[in-house]
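So the chains spell out like this:
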Amino acid sequence: MKVLGRIKKALVPVFGWLYRVFCRLIPVDNRMILFLSFHGRSYNDNPRALYEAMRQDSRFSGYRLVWVLRNPDQETIPGAETVRYLSLGYFVAVARAKVWIFNCKMPMYLYKKKSQIYLQTWHGTPLKRLGHDIEPVPGQRFYRSGLTYEQMCRTYDVDSERYDAMISPNAFCTGVFPHAFGIKKEKLIETGYPRNDFLSTYTQEDVQRIRADLKIPEGKKVILYAPTWRDDSFQTSGYTFRLQADFRKWKERLPEDTVVLFKPHYLIVNQQQDDPELQDFLISVPADTDIRDLYVVSDALVTDYSSVFFDYGILKRPVYFYMYDLEAYAGDLRGFYMDIEQELPGKIYRTEESLLQDLAAGEFDDSRYPAFTKRYNNREDGQASRRVLDWLAVRLGRHTASEQAGN
């Protein structure tokens, strides 16, 4: 295995050189825009919101809109071409597209031409420290590939150097992203997150549709449980999650008119096993489900260190923080950007028993929401997609009235 590893490492520079030659031989299509979310796992998040807004914007009529998916045969996206992730067609599309709209850090080998535009949307306001801001522990390794701290930081540096712009959802991120990602501040556009426009514009018809799709019984209250992954819990296929929730106990303790939606982080590869005793109480949602739909149909959120609570806070609904491993997470794994005891918009629970007690009673103090909203959701007004597309239209020279008409 060590010999094979050395061979692979030796071939990386060769592959990189061949890939650059390959890309340079393919001309850029000035009317092609490429979308990718979480390395092709699904049609969701900020790229989806921008795609949907773009289809309604006359400035982008006549453009080829191409989505990268891991399983393009299993997902239909109205109005889009699709290409399979890591296929030859994918590498051709990356080389050909005028615009890349991606929401995650891309491999270091990716080659961007000067004439191409790379819009990095990212996918959350960070509670956990990112990139350069992580305080390394001696011997600590990152990701499944086991990168050192220096190697991990290098992956952020290489990708951020390629960005033409990176979306910032708020003033807090505008301050954090430059040192976390190693990105020049002038590359940030503080627009709010396009995916969150839906949280300001959804209708009751949307709620009814989503509840029907999820098979949520009529009249049931919904608790969304959306925990994140742990840096030190992974196997060769991806990150795993050791569930610290006894859903049988949840069913016993919570009111009968309650159901729980369990949504793991997209990096989690192990699945919650079906339990016949939890039928009609626990609804396990695939990790690649667009979580914005789950927000609007839920009455409360339970999470840990996931950034989902920043987006959920737009709705100003109860958030409960189940942080059973707080010392290990804060001290050994990541650390936080905020004073969680003072700034989180909800109470921290160290035990499942105390969490269930307040959930059952509907106990929640919303007094921190005004200050939280002012700092972290100051740009969430339902117009983020428009602001981002205004920036992109200028870069593409599509901002005059005649150009909008296609002349």
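Before any of the text, the structure's been laid out above.
Residues numbered from 1 in each chain as written. Predicted model: local features only at pLDDT ≥ 70, side-chain atom pairs only at ≥ 80, totals over all residues. Heavy atoms only, no water.

In terms of helices and strands, the chain carries 16 helices and 15 strands. Taken across its 407 residues, the chain has 55% of its residues classed as buried. Across the chain, contacts joining residues at least 24 apart in sequence account for 68% of those joining residues at least 6 apart. Only carbon and sulfur atoms are counted for the fraction: they give 50% of the accessible area of the chain, which is about 19,000 Å². (Helix = DSSP H or I, 4+ residues; strand = E, 2+ residues; numbered from the N terminus. Buried < 20%, exposed > 50% of the residue type's maximum accessible area, 1.4 Å probe, protein only. Contact = heavy atoms within 4.5 Å. Areas by Shrake-Rupley, 256 points an atom, 1.4 Å probe, with all protein chains shown as cover.)

This part covers the sheet that holds strand S1 (residues 29–36). Pairing within the open sheet is parallel, and its seven strands lie in the order S3-S2-S1-S4-S5-S6-S7. Across the chains shown, the open sheet's two edge strands, defined by having one partner strand only, are strand S3 (81–84) and strand S7 (188–190). Taken over all neighbouring pairs, the strand axes of this sheet differ in orientation by 25 degrees on average, direction set aside. In the sheet, S1 pairs with strand S2 (residues 64–69) via four bridges, with the strands oriented parallel. By the bridge assignment for S2, Met 32 is matched with Arg 64. (Pairing = 2+ DSSP bridges. Axes fitted to C-alpha atoms, helices over the stretch in contact; angles between N-to-C directions.)

This part covers the packing of helix H2 (residues 45–55) against helix H15 (residues 384–396). Running from N to C, H2 and H15 cross one another at 75 degrees; their axes reach a closest spacing of 10 Å. Classified by the angle their axes make, H2 and H15 are roughly perpendicular. Only Ser 385, Val 388, Leu 389 and Leu 392 of H15 make contact with H2, whose side of the interface consists of Ala 49, Leu 50, Ala 53 and Met 54. A class-by-class count of the residues in the contact of H2 with H15 yields seven nonpolar, one polar and no charged. (Parallel < 35°, antiparallel > 145°, perpendicular 65-115°, else oblique. Nonpolar A, V, L, I, M, F, W, Y, C, P; charged D, E, K, R; others polar.)

This part is about the pattern of salt bridges. Evaluation of the coordinates by the stated rule reveals 23 salt bridges. Two residues, Arg 84 and Asp 73, come together in a salt bridge whose shortest N-O distance is 3.1 Å. With Arg 84 in strand S3 and Asp 73 in the loop between S2 and S3, this residue pair connects regions lying eleven residues apart in the sequence. Linking Arg 292 and Asp 290 is a salt bridge whose minimum nitrogen-to-oxygen distance equals 3.9 Å. Judged by relative accessible area, which is 11%, Arg 292 ranks as buried. (Salt bridge = Lys/Arg side-chain N within 4 Å of Asp/Glu carboxyl O.)

This brings us to the pairing of S2. Burial analysis of S2 places five of its six residues in the buried class, the great majority of the element. Note that the unit made of S1, H2 and S2 has a crossover that is right-handed. Across four bridges, S2 lies against S3 in parallel orientation. By the bridge assignment for S3, Val 66 is matched with Glu 81. (Right-handed = clockwise from strand over helix to strand, strands pointing away.)

Here the focus is H15. Note that an α-helix has 3.6 residues per turn; residues three or four places apart therefore point the same way. For H15, with 13 residues, the first-to-last C-alpha span of 19 Å sits near the 18 Å given by 1.5 Å per residue. Of the residues making up H15, those classed as buried are Ala 384, Ser 385, Arg 387, Val 388, Leu 389, Trp 391, Leu 392, Ala 393 and Leu 396. The inward-facing, buried residues of H15 contact H2, strand S4 (97–102), strand S5 (117–120), strand S6 (165–168), S7 and helix H6 (197–201). Two residues or fewer after H15 comes Gly 397, characterised by a positive phi angle close to 70 degrees. (Expected span 1.5 Å × (residues − 1).)

What follows concerns the packing of aromatic side chains. Tallied over the entire structure, the rule returns 39 aromatic pairs. Geometrically, the ring pair formed by Phe 247 and Trp 250 is edge-to-face, given 5.2 Å between the ring centres and 75 degrees between the ring planes. Here the residue Phe 247 and the residue Trp 250 both occupy positions in helix H8 (residues 247–253), the gap between them amounting to three residues, near one helical turn. Taking 5.8 Å as the distance between ring centres and 20 degrees as the angle between the ring planes, the aromatic pair formed by Tyr 305 and Phe 336 counts as stacked. Highlighted residues: Tyr 305 in the loop between strand S13 (300–303) and helix H10 (308–312) and Phe 336 in the loop between helix H11 (326–333) and helix H12 (340–343), separated in sequence by 31 residues. Taken together through their ring pairs, the aromatic side chains of Phe 172, Phe 309, Phe 310, Tyr 320, Phe 321, Tyr 337, Tyr 349, Phe 364, Tyr 369, Phe 372 and Tyr 376 make up a single cluster. A cation sits over an aromatic face here: Lys 105 above Tyr 156, 4.8 Å from the ring centre. (Phe/Tyr/Trp six-rings, centres within 6.5 Å; stacked < 30°, edge-to-face > 60°. Lys NZ or Arg CZ within 6 Å of the ring centre and 35° of its normal.)

Pairing of S1 with S4 involves five bridges; the strand directions are parallel. Considered in S4, the bridge of Leu 36 is made with Phe 102.

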